[in-house]
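The primary structure of each chain is shown beneath.
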Amino acid sequence: MTVPRREGPHSVATVPPASAKPRRMLFRRAGRRTNVALFVALVGSFVTGWLAFGIGAPVPASITSVTHGVTGLALVVLIPWKNTVVGRAPRKAIASLTLLGVLVLCVVAGIVAVLGGFRTYAGLTPMQFHVGAALIAVPLIGWHVVGHRRRQGPRRTDLSRRQLLQTAGLAAGAGAAYLVVEGAGRLSGSPAADRRQTGSHELDPEQMPVTIWLFDDVPALEPTEHVVRVDQQSFTSAALSQRPEASEFEATLDCTNGWYATAPWRGVRLADLLDPGRVRGARSIRVTSTTGYARIFPVRDVDLLWLATELNGRPLTAGHGAPVRLVAPGRRGFWWVKWVDTVELSEDPWWWQLPFPAQ
Ligand code: HEM
Ligand code: HEM
Ligand SMILES: Nc1nc2c(c(=O)[nH]1)N[C@H]1C(S)=C(S)[C@@H](COP(=O)(O)O)O[C@H]1N2
Ligand SMILES: [Mo]
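Residues numbered from 1 in each chain as written. Chains lettered and ligands numbered in written order. Predicted model: local features only at pLDDT ≥ 70, side-chain atom pairs only at ≥ 80, totals over all residues. Heavy atoms only, no water.

**Quick word on the coordination of the iron atom of ligand 1**
Protein coordination of the iron atom of ligand 1 is provided by Lys82 (NZ) and His144 (NE2), with donor distances spanning 2.0 Å. In this structure, the iron atom of ligand 1 is surrounded by 6 donor atoms whose angles at the metal cover 87 to 179°, and the resulting shape is octahedral. Of this pair, Lys82 sits in helix 4 (residues 79-88) while His144 is found in helix 6 (residues 126-147), placing the two residues 62 residues apart along the sequence. (Donors = N, O, S within 2.8 Å, 3.2 Å for Na, K, Ca; no water. Tetrahedral: all angles 85-135°; square planar, octahedral: opposite > 155°, others 65-115°. Helix = DSSP H or I, 4+ residues; strand = E, 2+ residues; numbered from the N terminus.)

Encoded structure:
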């Protein structure tokens, strides 16, 4: 029990009862700022999650996935304070409790993705649970924030020295939580240690799963006579594999679903098939699958991209893109268009497309 505090010139200092536990006082200082911190951590996690999906280069990928882990785990650090906010609320809404459940699933799936390696649970990978839960959380957060928006927004005093110290404390707590997860992964000998900078776990190239981004179907194409149009020329798949410039090379396919594999591929560089004069006049290269799945690359990538016909020393299987698929070293898996139908030079900028395929 606390004595009500009287304000004014004759205010009486509140004397905490002898039974008060000082540690719990820490979590009682909860309220608007707890909610603002939750909001910032949620938006930060969502944005850095998609960045982590888009980025393939090692250093930026490390920065993004560490930032993502820390912002995500900040939610866990804030639980005791939010617990106080929820405890004070006169009633709990189903939508708010659903949001809680969905976010628990999201965070648990994120941690399982780190510690558990690449595998499925009830037919889905941890990443599928993770991103699915995050997407469901978005409208629920919107609903919750709009429902409780009165006097909850940021204030200028949030930038005061004391608040900045609190923010630093939260960041330190979240950083410590990140190290706890990483440390537990290493000490327990879990697959956490085989991840590359993107967070993906290593797979034996012979075990590479067939991966569909969202809804695409595996087409059955003629293995040697399938025609690929490359700018103004056409090649059968057999002709491509017999080109004198065809060579074997190693490349790392890093799928956003949580795995990567470094495998020997065989193919021809786009630069060896395209006319250099026409390349100079173009801004981008559009690679389209027979299924309609397509990605647009900046024209400067012409030396990096390959039309591949073999994987692991054997002709491609249907699932892996037979008879011709794109290999885009340094880019995440969803850029590696399978079942290539056309390669076109274009004047559109490469970023004039959805950041992720919709197929
Ligand atoms: C991590 C995500 C969050 C979860 C799981 C969550 C959950 C809850 C729950 C269960 C309550 C009890 C009242 C109710 O059921 O609506 C509550 C209260 C509240 N939430 Fe959240 N919340 C979250 C984030 C936020 C954010 C980002 C804001 C605002 C920016 C916010 C603002 C509030 C406010 C103002 C209350 C107090 C309402 C009252 O006392 O009547 N919450 N929250
Ligand atoms: C509200 C939204 C989200 C929250 C709270 C969240 C939280 C987390 C957490 C706590 C982890 C484990 C971090 C660790 O221990 O290292 C994690 C991992 C991960 N999340 Fe999220 N996440 C969210 C959304 C997303 C989205 C939308 C994506 C992708 C589109 C994503 C992609 C990833 C990836 C790739 C990892 C593995 C990173 C690694 O292995 O280091 N997350 N997330
Ligand atoms: N046409 C087409 N190409 C595609 C996809 C797809 O769904 N359709 N999935 C992409 C994704 S998400 C990845 S990770 C790689 C997977 O290649 P794999 O199935 O040979 O392992 O192909 C990419 N190319
Ligand atoms: Mo993928």
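After that view, the rundown keeps rolling.
**Topic: the site of ligand 1**
With respect to spatial proximity, 21 residues lie near ligand 1, and among them Lys82, Ala93, Ser96, His144 and His148 are the closest. Here ligand 1 occupies the largest pocket. For the shell around ligand 1, the secondary-structure elements that each account for two or more residues are helix 2 (32-54), helix 4, helix 5 (94-115) and helix 6. Of all the elements, helix 5 adds the most residues to the shell around ligand 1, at 5 residues. Residues that form the shell around ligand 1 fall into these classes: 13 nonpolar, 5 polar and 3 charged. (Near = heavy atom within 4 Å. 1 Å grid on protein atoms, 1.4 Å probe; cavity = no way out; pocket = protein on both sides within 12 Å on 5 of 7 lines; lining within 4 Å. Sits in = over half its atoms within 2 Å of the grid points. Nonpolar A, V, L, I, M, F, W, Y, C, P; charged D, E, K, R; others polar.)

**What to know about the environment of Arg243**
Position of Arg243 among the secondary structure elements: in the loop between helix 8 (237-241) and strand 4 (247-255). Exposure remark for Arg243: the relative accessible area of 24% places this residue in the partly exposed category. Sequence-wise, Arg243 and Pro349 are 106 residues apart; in three dimensions their C-alpha atoms are separated by 30 Å. Within the structure, Arg243 has its side chain in polar contact with the side chain of Glu245 (distance 3.1 Å). (Buried < 20%, exposed > 50% of the residue type's maximum accessible area, 1.4 Å probe, protein only. Polar contact = N/O pair within 3.5 Å; in protein donor to acceptor, adjacent residues only side chain to side chain.)

**Describing the pattern of salt bridges**
What the rule picks out here adds up to 10 salt bridges. Across the pair Glu206 and Arg314 runs a salt bridge, and its minimum N-O distance is 2.8 Å. Here the residue Glu206 occupies a position in the loop between strand 1 (201-202) and strand 2 (227-230), and Arg314 occupies one in strand 9 (residues 314-315), the gap between them amounting to 108 residues. Where salt bridges share partners, they join Glu182, Arg186 and Arg195 into one cluster. (Salt bridge = Lys/Arg side-chain N within 4 Å of Asp/Glu carboxyl O.)

**Regarding the site of ligand 3**
Looking at ligand 3, there are 22 residues lining it, with Pro209, Thr211, Asp216, His320 and Lys338 nearest. At 3.4 Å from a nitrogen atom of ligand 3 is found a side-chain nitrogen or oxygen belonging to Ser289. Between an oxygen atom of ligand 3 and a side-chain N or O atom of His320, the distance comes to 2.6 Å. Protein contacts shield 100% of the accessible area of ligand 3, which totals 530 Å² for the unbound molecule. For the shell around ligand 3, the residue count by class is 13 nonpolar, 6 polar and 3 charged. (Areas by Shrake-Rupley, 256 points an atom, 1.4 Å probe, with all protein chains shown as cover.)

**Here's the deal with the sheet that holds strand 2**
Read from one edge of the open sheet, 5 strands run 3-2-11-6-7, paired in mixed fashion. The open sheet has two edge strands with one neighbour each: strand 3 (233-236) and strand 7 (294-298). Averaged over all neighbouring strand pairs, the angle between strand axes comes to 20°, with direction disregarded. Strand direction decides the pairing type here: strand 2 and strand 11 (residues 340-346), joined by 2 bridges, are parallel. Within the sheet, the bridge partner assigned to Arg229 lies in strand 11 and is Thr342. (Pairing = 2+ DSSP bridges. Axes fitted to C-alpha atoms, helices over the stretch in contact; angles between N-to-C directions.)

**Section: the coordination of the iron atom of ligand 2**
Around the iron atom of ligand 2, the protein supplies His68 (NE2) and His130 (NE2) as donor atoms, at distances of 1.9 Å. Considering all 6 donor atoms around the iron atom of ligand 2, angles at the metal cover 87 to 179° and the coordination shape is octahedral. Here His130 lies in helix 6 and His68 lies in helix 3 (residues 58-77), a separation of 62 residues in the sequence. In this structure His130 comes out as buried when scored by relative accessible area, which is 14%.

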